[in-house]
Each structure stands twice: as C-alpha cells, then as structure tokens.
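Listed here are the chains, written in short residue letters.
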Amino acid sequence: MAVRIGLWWALFMASVKMFVRNRLALFFSLFLPLVIMLIFGVLNFEGSTSVSLGVVDEARTDASAALVDGLDEYDYLEITEGTRDDELAALEKGDRGFVLVIPSGYQSSPTGETGLVAYASSADPSQAQVGQGLLQQAVAGAMLSASPGSMPSVPALTPPVTFESVESRDLGYIDFLVPGIVGMTVMQLGLFGVAFGFVQLKRTGALRRLFATPTPPAYFLSAQVASRVVLGYLQVAIRVGIGIWFGLQMFGSWLVLAVIIGLALLIFLAMGFGIAGWAKNEDQAAPVANLVSLPMLFLSGVFFPREAMPDVLRSITGFMPLTYVNEALRGVMNEGAALVDLGPQLLGMGVWAVISFVVAVWLFKWE
Amino acid sequence: MSTSATARPDAGSGQATAIISVRDLRKRYGDLVAVDGVSFDVAEGEVFGILGPNGAGKTTTLEMIEGMRPIDSGTAVIDGVDVAADPREVKRRIGIQLQASAFFDELTLVELLDLFGRLYGRGVDPMALLADVELTEKAKSQVRTLSGGQKQRFSIASALVNQPRVLFLDEPTTGLDPQARRHLWALVRTLRDRGHTVVLTTHYMEEAEELCDRVAIMDGGRIIALDTPQALVDQLIGRGFRKARVERLANLEDVFIDLTGHDLREDD
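Residues numbered from 1 in each chain as written. Chains lettered and ligands numbered in written order. Predicted model: local features only at pLDDT ≥ 70, side-chain atom pairs only at ≥ 80, totals over all residues. Heavy atoms only, no water.

Draft legend 1. How the structure looks around the overall build of chain B. Helix and strand counts for chain B stand at nine helices and ten strands. Projecting the C-alpha coordinates of chain B onto the three principal axes gives extents of approximately 55 × 50 × 40 Å. The buried share of chain B, reckoned over its 268 residues, is 51%. Considering only contacts within chain B whose residues lie at least 6 apart along the sequence, 69% involve residues at least 24 apart. For chain B, the distance from the average position of its 32 positive side-chain charges to the average position of its 42 negative side-chain charges is 2 Å. (Helix = DSSP H or I, 4+ residues; strand = E, 2+ residues; numbered from the N terminus. Buried < 20%, exposed > 50% of the residue type's maximum accessible area, 1.4 Å probe, protein only. Contact = heavy atoms within 4.5 Å. Lys, Arg positive; Asp, Glu negative; His and termini not counted. Charge placed at Lys NZ, Arg CZ, Asp CG, Glu CD.)

What follows is the structure, encoded as structure tokens:
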C-alpha cells in the first residue's frame, strides 16, 4: 500500500490541534518554564566574593611550591592547579577569574623581578581590577612568608605579577540555567506529554476506535511522534527566547543545538512511549514517569551544577540520560562546542536512545 | 449517504444472500473458552441481534468478525472477504460502533468525521452525516459535551463515514434513558431501510424484539438458540411455558413514556 501523505498530514494536524486546545498542557509547557526562569532569574545565585585562581606551576621547585602554599592561605582565593592549556581553556570558558603562571626558573624576589604572569579574564573588567589588587597582595605576602627573615619588610618596588588580559566568556547563572531548562523540557515532553496523552487514548478506547478503520496504527503513531517532535522544538525555541530576554548568550551553532535536541527528543519520546505502551491507565503511568524523571530533575544538573554533589553520587548520576543531554546542551550553548567536541555526551545519548527504543518496542501494547 | 432503500428480505427464510457467514468460530484466553464454536449467517439487509448475559462471548464474537481480534479457529466471511485473511479489507466494508465509544477530546464533531473519512481514504460530508443522526446543531462541539444518547448517535455517524455494507453496534443503548433509546431504535430502522445490514448486541429483550429480524442467544460461548423473536417465543409457549402473571395491556415503561413523552431530553 502506498504511503498516504494526506492522511498522515491530517493525523499530524489533528495531533497538534489536540495539544494546542488542551489548556492545561499548554499552561505547563509555556507558562511554567517562564515562571521558573523568572524565579531563578530574580534570585541571583552568583553572589560570591572569592577570586577563582588557576595556578600553573611550571617551575616545580621548592620556591614555587612554597608560593602556592602561601597563596593557599588566603581564603578569598579559590585555587585550582593544572596545566597551562587546561587552565587557560578554563579561563576562556569563564570558569576562572585569573590564571597565574609560575615560569620555570622562578625565584622568589622581593624586588618584584619574578617573571610571574597572570592572565585575567576580560569578562568583567571591574571585578578584574579588584581581583588584580587582591592577587598582587597575596603573591607578595606569600613570597614573604615563604622565606621569612631573609627579606627586609619593605614593600616591593614593582608589583610581583604582570597581568595579561585574555578574551573570555562572562557566563551568568542564566547561561547555566537555560540549557538545563531546555533539557528538562524535552524530558517532560517525552515522559509526560506523550505518556499521559497516549495512555488516555488507550484507556478511553479512542485508540481502539482507530483500529476499527483500515488505516494501519503506524500512521497514527508516527504522526503523533512527529507532532511531539515539532512541539518539542517549538517549546525549546520559546524557552531559549525567554532566556535571551534575560541575557542568555549563545556561543555555539544553532544547528548543533538542534541536533542535540533531536537526539534528546528521541530518547525521551521512546521512554514516554515505552511507559505509555506498557501502562493500562494514567494511574499506572504516573508513578513510573515520576520515578524516571524525578532523579534526573534533581541530579542531572538542571538547576544547579553537579560539581556540588558528593563524588560517588556524581559519578553514578553521570550516566543518566539527562546528564548527557544537559552536558551537551551546555557544551554547545556555553562553550560553543561542535559535535566532534561532544563525543562522550553524544555516545552516552546514543546508547540511551537505543536502550529506550528497544525497551519501548518490547513493552509496547496497543490495548 | 446512499438512500436507495432495499426491500427488507424475508427474514430467516434462508433465501436472501448471506452477507456474513460465520463457521465454528473459537477463541480461548488461557483456560477460559470465550467463544466455543459459533456458526451463523446474516442475510443482507437484516437486523441481526446477539443476546446473552455478561460473559456469554457476544463482544468477543463480534470483535473477531470485525477483524479487531485474532481468530483462534473457524472462519468468518463478510461480503465475500475472509476476515482472517484480510482484516483490513473487511474493515473497509464495515462500520463499527464499539461498546465504549471514545473519541479524541479537543476535536469537534466535524473535525472528527473528516478525520475518520480520511482514515478510510475518502472524503466525507460531515454535515450530512450529522444530519442523519440529528446532531447538526452540535457540529462545532466536542464529544465530551454530548449527552449519552448524543454520544451514541455520533458514534454511529462515525461508523457510517465509509458507507458500510454492514454496521456493527455493540450495546448501542446501554445507559440511555427510555426516550434516547427509542430515538436510537428509530435511527437503526432508518439505517436498515437504507440498505445497511445491522448486527447488534443488547441486554434489552424488548429492544431485540423491537428491532431484530432474527436473534442469536448466546451463553457460555455458544449459540443456544437462533430464530426470529416471534418463533422463539412461540417455541417456548409450545413447550408449555406460561407466565406466572399474564402480561398486562401496558407496563411501567409504557406509563413512563406516556407521562414523559417521546421527546428527547439532552442535558446540554
């Protein structure tokens, strides 16, 4: 039998109409995320006064180690040690305020001829100014305390650190939040939008009524999936639009973003249809959908960075599908990552897509 | 909608062409034998009733004939098409009203009928279909706003989009008030007069007596009697059966209809 495009289109449009006319669903898909972003946008979770400092120790001498130890004494410095490449990359991403490079051949010198170079983030000039002062003071202090007695307690003639500005991103909480909200949206659409709508059709018998016609069920199912995919993109567009209004920045390619969202939709739609295909009614579908979605909602880094979690929990939840999705979304939106940069995330998402699809086919029952 | 009224065949005479032919149909669910060797013919233009208590196998029999449920063994042929061999072709030729008729919420009656037309690969005139079941004024409403009787009538309209040769109605009047039930009876008679063959199940004996040319009485997955309602009654009386109390000239339902009238009450 030839594929009937007209019929398929009619089913697709019917599915879209049903969604748009369902006021409750519309409220949850449009209004709720706006409220969430308003709440989190108004509450500012950035208010930290510390300076994030990356230290690159290329000297690897007692003197350089002593300097690092000395800097560690300053509570307002959040010190991370790493290689020059890693730390500079982190600076560009906006994860560090400064990167201090201790060159090989470094010698502690109270007169200021240290060769120390600090790279400063260009993101927030006023904060950089304050940070520079704090860092000069800390380095001078650290050098003094590293070799007590040998130095006359006179202030250095020249500041010990030379600063260079590095072009870097100024990421706000909104830049963190929106990709998380986008990931959450796709998950909710798949798990709840699909699971509940479909189970309802199953329970009431509306689906059976379709089987009384000669049209194969695959038409209806594929039209339903397609309409949800289109609606998914539309919802994501609305959320990103609201985000831009709140100052969201997009560093990557929209096409890459679309690909990631497409893959994410695939995962969660398959999960949704798995649940909907298994459940006999909404009462069965609800707890399962919640059981699947709630851990991800809180542990996949939707609202807060996963770095704050205990290590064990973090490694376990690193395998959750929404974690891969959120990492990939942040990769492209915050860091401008291309698809090739997102290998591990795409692999993780691909594996979940296959698992979800196989399980959905296995569980699916029309009646 | 075809309006060519075919003459009502001499019901049960066996001379009319059988449009449905069922032979030794069986269905079992695990240990439960739901349908245990059912055979019957339905003549073209006939209204055929399947009666029986709950769990007698009426709906399962109907669903197997409709191609909605796989047949374990036996054959069902509708309009020359073997159901097991080509259920899709059978569905093209029949109209089905399911026991629990549900439709997509959020779509209007017109939109639904249009969509159902497409599911049969044909254009329909939704307003004409709605006129047939007297729901014209509800064209832009959604199914959930309809009363019970209106829902059943819409369900029948949806089963008519493909101008089916055979119409299957599964308990079409269950849960309706006496007025709505009589209204639906009138609709079924109209459809029969237009040439549709009708197969229906019911729990109401007066409905079967009123509508059906022949009835099959099922129990325990078997047909235990099959004839015209009058012949079945005559056979019973012939066996010496007498009612404990002779039927009065009217009963309570007649009183009810006399007092409340034939007009439909739709709580809109």
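Draft legend 2. Molecular detail of a negative patch on the surface. All names here are of chain A. The grouping of D69, D72, E73, D75 and E81 at the surface amounts to a negative patch. On the secondary structure map, D75 appears in the loop between α3 (62–72) and β2 (77–81). With a relative accessible area of 75%, D75 lands in the exposed category. (Patch = residues over 30% accessible without salt bridge, like charges linked within 9 Å, V, L, I, M, F, W, Y side chains within 5 Å. Areas by Shrake-Rupley, 256 points an atom, 1.4 Å probe, with all protein chains shown as cover. Salt bridge = Lys/Arg side-chain N within 4 Å of Asp/Glu carboxyl O.)

Draft legend 3. Spatial organisation of the pattern of salt bridges. Residues and elements named next belong to chain B. Counted by the stated rule, this structure contains 23 salt bridges over all chains. Linking R23 and D41 is a salt bridge whose minimum nitrogen-to-oxygen distance equals 3.0 Å. Here the residue R23 occupies a position in strand β1 (residues 18–29), and D41 occupies one in strand β2 (residues 32–43), the gap between them amounting to 18 residues. For D41, a relative accessible area of 28% gives the class partly exposed. E46 is the partner of R214 in a salt bridge, and the nearest nitrogen-oxygen pair spans 2.4 Å.

Draft legend 4. Highlighting the sheet that holds strand β5 (residues 81–82) of chain B. Residue and element names in this part refer to chain B. What the four strands build is an open sheet, ordered β2-β1-β4-β5; its pairing is antiparallel. The open sheet has two free edges, formed respectively by β2 and β5, since each of these has just one partner strand. Across five bridges, β1 lies against strand β4 (residues 73–78) in antiparallel orientation. Paired with S21 across the bridge in β4 is V77. Against the sheet, helix α1 (residues 58–66) contacts β1, β2 and β4, and its axis sits at roughly 120° relative to β1. (Pairing = 2+ DSSP bridges. Axes fitted to C-alpha atoms, helices over the stretch in contact; angles between N-to-C directions.)

Draft legend 5. Local environment of the nonpolar core. In this structure, I20, F104 and F154 of chain B are the most contacted members of the largest nonpolar core, which totals 145 residues. No other element matches helix α6 (residues 173–204) of chain A, which puts 17 residues into this core. Core analysis: the second largest hydrophobic core is formed by 22 residues, F98, L100, L116 and A118 of chain A among them. (Core = buried A, V, L, I, M, F, W, Y, C linked by side-chain atoms within 4.5 Å.)

Draft legend 6. Here's a closer look at the packing of helix α1 (residues 5–21) of chain A against helix α3 (residues 109–119) of chain B. For the pair α1 of chain A and α3 of chain B, interaxial distance at closest approach is 9 Å and the crossing angle is 150°. Taken together, the axis directions place α1 of chain A and α3 of chain B in an arrangement best described as roughly antiparallel. Our pair here, α1 of chain A against α3 of chain B, has a crossing hand that is left-handed. Between α1 of chain A and α3 of chain B, the residues in contact are G6, L7, A10, L11, A14, K17 and R21 of chain A and E111, L115, R118 and L119 of chain B, respectively. (Parallel < 35°, antiparallel > 145°, perpendicular 65-115°, else oblique. Left-handed = near helix turned anticlockwise from the far one by under 90°.)

Draft legend 7. Up close: the interface of chain A and chain B. Across the boundary between the two partners, chain A contributes 26 residues, which contact 25 residues of chain B. Overall, the association of chain A and chain B removes approximately 2400 Å² of surface from exposure, summing both partners, and the carbon and sulfur fraction of that is 61%. Among the residues chain A hides against chain B, the three largest losses belong to R208, R209 and P214 of chain A. Together they make up 30% of the total. Where chain A packs against chain B, one counts three salt bridges. The partner of K17 of chain A in a salt bridge is E111 of chain B, and the shortest N-O contact between them spans 3.2 Å. Here chain A and chain B share eight residue pairs in polar contact (both at pLDDT 80 or more) between them. For the side of chain A that touches chain B, the secondary-structure elements that each account for two or more residues are α1, α6 and α7 (206–211) of chain A. Counting residues per element, the side of chain A that touches chain B draws most heavily on α1 of chain A, which supplies eight residues. (Buried area = accessible area lost by both parts, 1.4 Å probe. Polar contact = N/O pair within 3.5 Å; in protein donor to acceptor, adjacent residues only side chain to side chain.)

Draft legend 8. A look at the packing of aromatic side chains. Summed over all chains, the structure comprises seven aromatic pairs over all chains. Ring centres of F198 of chain A and F273 of chain A lie 5.3 Å apart, and the angle between their planes is 75°; on these two criteria the pair is classed as edge-to-face. Residue F198 of chain A is found in helix α6, and its partner F273 of chain A is found in helix α9 (residues 254–278); the two are separated by 75 residues along the sequence. Residue F198 of chain A is classed as buried on the basis of its relative accessible area of 0%. Residues F103 of chain B and F154 of chain B carry aromatic rings whose centres are separated by 5.0 Å and whose planes lie at 75° to one another, so their mutual orientation is edge-to-face. Remark: F154 of chain B occurs in helix α5 (residues 148–159) and F103 of chain B occurs in the loop between β6 (94–97) and α3; sequence separation between them is 51 residues. An identical accessibility class is assigned to F103 of chain B and F154 of chain B; each is buried. Connected via pairs of aromatic rings, a cluster forms that spans W8, W9 and F12 of chain A. In this structure, R330 of chain A is placed above the aromatic ring of F176 of chain A, and the distance from its NZ or CZ to the ring centre is 3.6 Å. It is R181 of chain B that lies over the ring of Y204 of chain B; its NZ or CZ is 3.9 Å from the centre. (Phe/Tyr/Trp six-rings, centres within 6.5 Å; stacked < 30°, edge-to-face > 60°. Lys NZ or Arg CZ within 6 Å of the ring centre and 35° of its normal.)

Draft legend 9. Summary view of unusual backbone geometry. Residues and elements named next belong to chain B. In this model, D24 sits at a positive phi of 50°, which is unusual for a non-glycine residue. For D24, the location among the structural elements is in strand β1. Look at D24 and you get partly exposed, because its relative accessible area is 35%. One non-glycine residue, E171, adopts positive backbone phi at about 50°. Note that E171 resides in the loop between β7 (166–170) and α6 (178–193). A residue is classified by how much of its surface remains accessible, and E171, at 8% relative accessible area, is buried.

Draft legend 10. Structural view of a nonpolar patch on the surface. All names here are of chain A. Where nonpolar side chains cluster on the molecular surface, the patch consists of F27, L30, F31, L32, L234 and I238 and spans about 490 Å² of accessible area. Listed by contribution, the elements that provide at least two residues to the nonpolar patch are α2 (23–42) and α8 (217–245). Among the elements that make up the nonpolar patch, the one with the highest residue count is α2 (four residues). Along the chain, I238 falls in helix α8.

Draft legend 11. Highlighting the confidence of the model for chain A. In the predicted model, chain A carries a mean pLDDT of 80, and the fraction of residues at 70 or more is 86%. Here strand β5 (residues 161–166) of chain A is the element of chain A with the lowest mean pLDDT, 71, and α9 of chain A is the one with the highest, 90. (pLDDT = per-residue confidence, 0-100.)

Draft legend 12. Fine view of the environment of L299 of chain A. Residues and elements named next belong to chain A. Relative to the assigned elements, L299 resides in helix α10 (residues 282–299). Take L299: its relative accessible area is 24%, and that puts it in the partly exposed class. In this structure the C-alpha to C-alpha distance between L299 and T323, which are 24 residues apart in sequence, comes to 7.9 Å. Setting aside residues no more than four positions away along its own chain, L299 makes contact with R306, M309, L313, T317, M320 and T323.

Draft legend 13. Seen up close, the pairing of β4 of chain B. Residues and elements named next belong to chain B. Sheet topology places β4 next to β5; two bridges connect them, and they run antiparallel. When the sheet's bridge partners are listed, V77 is paired in β5 with D82. Hairpin connection, β4 to β5: the antiparallel pair is bridged by two residues, and D79 has positive phi, about 50°.

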